[in-house]
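# Working through the structure, step by step
Letter by letter, the chains look like this.
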Amino acid sequence: MATASVGGLDIRYEDTGGDGSVVLFSHGLLMDHTMFDAQVDALGDRYRCVRWDEPGFGDTRATSPFTLWDSANLAVGLLDHLGVEQAVFAGMSQGGFLSLRAALTAPERVRALVMIDSAADPDSPAMATENAKMFHLLCEGSEERRAKVLASVAGILIGDPAHEAHWIARWERIDRAQLRLAGDALLAHDDVTDRLDEIGCPALVIHGRDDHAIELARAEAVCAGLADCRGLVVVDGAAHAPNVTHPTPVNEALATFLATLA
């Protein structure tokens, strides 16, 4: 991996290089850049694929409290570091949250949006309460309690036993202090639903039909609110991370959408 100094942080990222249009992949909560392995494998010969570890995850360490607006600025700053004028912002869950904010704060840098199991509104009060409890246990709980929570989270976020053990093993290595900073940013994220129509770039929404972390209706609201949403692709049998568990339909949808931007 390479390192970029952006906003006072050492951002770790991978870049396939090449002369193709740039796609910037931003991962979801607890994940890291490797969740897009299948997308880079499928698209890397046609597009310049850049993927990064957001603050608190992977090899990018947060140094102080931050917001998802700050993360959006970091994403744009990474483009600056790479000398990239414009990119397609493809974000999964939390990565979609920051991609929307990048499109609002730096629209000239966002060629298009791909929202994978993401939303524009905050979680419901009940969901927010449950998420706060989850973060408390992951950051403050015993190793035994933490292991039980991670197993439960894997069922919700991944929803496929064939992939869950891999991610649980990675999550067990996340520093508790880093997770606290990242969790606080996610729990405090604001509502940008009323600003979706300010985003004029082309957009694609992809969503797992069986996603219980962010229900399909919230994805439908994003597509309806964006000025140029070109489709909502629902992935049957997928939970919250269809790009990991069901890469074929996700990659096909991505490839078709990206081809329309040429």
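Note: the structure precedes this text.
What comes next concerns the included structure. (Residues numbered from 1 in each chain as written. Predicted model: local features only at pLDDT ≥ 70, side-chain atom pairs only at ≥ 80, totals over all residues. Heavy atoms only, no water.)

### Topic: the overall build of the chain
Secondary structure assignment for the chain yields 10 helices and eight strands. Its C-alpha atoms give the chain a radius of gyration of 17 Å, near enough to 18 Å, the size a compact globule of 262 residues would have. Its C-alpha atoms put the chain at 50 × 40 × 35 Å along the principal axes. For the chain, the residues scored as buried account for 54% of the 262 residues in total. Across the chain, contacts joining residues at least 24 apart in sequence account for 76% of those joining residues at least 6 apart. Within the structure as shown, the chain displays about 10,700 Å² of accessible surface, and the carbon and sulfur contribution to it stands at 50%. Considering the chain, the positive charge centre built from 20 side chains and the negative charge centre built from 39 side chains are found 4 Å apart. (Helix = DSSP H or I, 4+ residues; strand = E, 2+ residues; numbered from the N terminus. Rg over C-alpha atoms; globule rule 2.2 N^0.38 Å. Buried < 20%, exposed > 50% of the residue type's maximum accessible area, 1.4 Å probe, protein only. Contact = heavy atoms within 4.5 Å. Areas by Shrake-Rupley, 256 points an atom, 1.4 Å probe, with all protein chains shown as cover. Lys, Arg positive; Asp, Glu negative; His and termini not counted. Charge placed at Lys NZ, Arg CZ, Asp CG, Glu CD.)

### What to know about the state of the cysteines
Taken as a whole and assessed by the stated rule, the structure comprises one disulfide. There is a disulfide in this structure between Cys223 and Cys229, and the S-S distance comes to 2.1 Å. An S-S torsion of about -95 degrees defines the bridge between Cys223 and Cys229 as left-handed. An identical accessibility class is assigned to Cys223 and Cys229; each is buried. Cysteine Cys49 is unpaired, with the sulfur of Cys201 as its nearest cysteine sulfur at 18 Å. Assessed through its relative accessible area of 1%, Cys49 is described here as buried. Of all cysteine sulfurs in the structure, the one in Cys229 sits closest to Cys201, which takes part in no disulfide; the separation is 10 Å. Cys201 gets classed as buried once you look at its relative accessible area, which sits at 13%. (Disulfide = S-S within 2.5 Å.)

### Some thoughts on the packing of helix α5 (residues 143-157) against helix α6 (residues 161-171)
Taken N-terminus to C-terminus, the directions of α5 and α6 make an angle of 135 degrees; their axes are 10 Å apart at the nearest point. The orientation of α5 with respect to α6, classified from their angle, is oblique. Here the hand of the crossing between α5 and α6 comes out right-handed. From α5, Arg146, Leu150, Ala151, Val153, Ala154, Gly155 and Leu157 reach across to α6, where they touch Glu164, Ile168 and Trp171. (Axes fitted to C-alpha atoms, helices over the stretch in contact; angles between N-to-C directions. Parallel < 35°, antiparallel > 145°, perpendicular 65-115°, else oblique. Left-handed = near helix turned anticlockwise from the far one by under 90°.)

### Side note on the sheet that holds strand β1 (residues 2-6)
In spatial order, the strands read β1-β2-β4-β3-β5-β6-β7-β8; together these eight strands make up an open sheet with mixed pairing. Edge positions in the sheet fall to β1 and β8 (229-235), since each has one partner strand and no second. Averaged over all adjacent pairs, the angle separating strand axes in this sheet is 25 degrees, with direction ignored. Bridge analysis of strand β6 (residues 110-116) against strand β7 (residues 203-208) gives four bridges, and the strand direction is parallel. Among the inter-strand pairings, Met115 is bridged to a residue of β7, identified as Val205. Relative to strand β4 (residues 48-52), helix α2 (residues 68-82) is tilted by about 135 degrees, and along the sheet it contacts β1, β2 (9-15), β3 (22-26), β4 and β5 (87-92). Of the strands in this sheet, β3, β4, β5 and β6 touch helix α3 (residues 94-105), which is tilted by about 145 degrees from β5. (Pairing = 2+ DSSP bridges.)

### Describing the packing of aromatic side chains
What the rule picks out here adds up to one aromatic pair. Pairing Phe25 with Phe36 gives two aromatic rings, centres 4.9 Å apart and planes at 35 degrees, and the pair type is tilted. Of the two residues, Phe25 sits in strand β3 while Phe36 sits in the loop between β3 and α1 (37-43), which places them 11 residues apart along the sequence. (Phe/Tyr/Trp six-rings, centres within 6.5 Å; stacked < 30°, edge-to-face > 60°.)

### Observations concerning the layout of surface pockets
Reported here for the largest pocket is a volume of approximately 510 Å³. What lines the largest pocket is a set of 27 residues, and nearest its centre among them are Met127, Asn131, Met134, Ile156 and Leu157. With six residues, helix α4 (residues 125-140) is the largest single contributor of residues to the lining of the largest pocket. Partitioning the lining of the largest pocket into residue classes produces 16 nonpolar, eight polar and three charged. If you add up the space inside the second largest pocket, you get close to 300 Å³. In terms of lining residues, the second largest pocket is bounded by 19 residues, among which Phe57, Gly58, Asp59, Arg173 and Ile174 are the most central. When residues in the lining of the second largest pocket are grouped by element, the largest group, three residues, is from α6. (1 Å grid on protein atoms, 1.4 Å probe; cavity = no way out; pocket = protein on both sides within 12 Å on 5 of 7 lines; lining within 4 Å. Points joined across faces, edges and corners; volume = space filled by probe spheres on them. Nonpolar A, V, L, I, M, F, W, Y, C, P; charged D, E, K, R; others polar.)

Interpretation note: all reported values are geometric properties and have no functional meaning in isolation.
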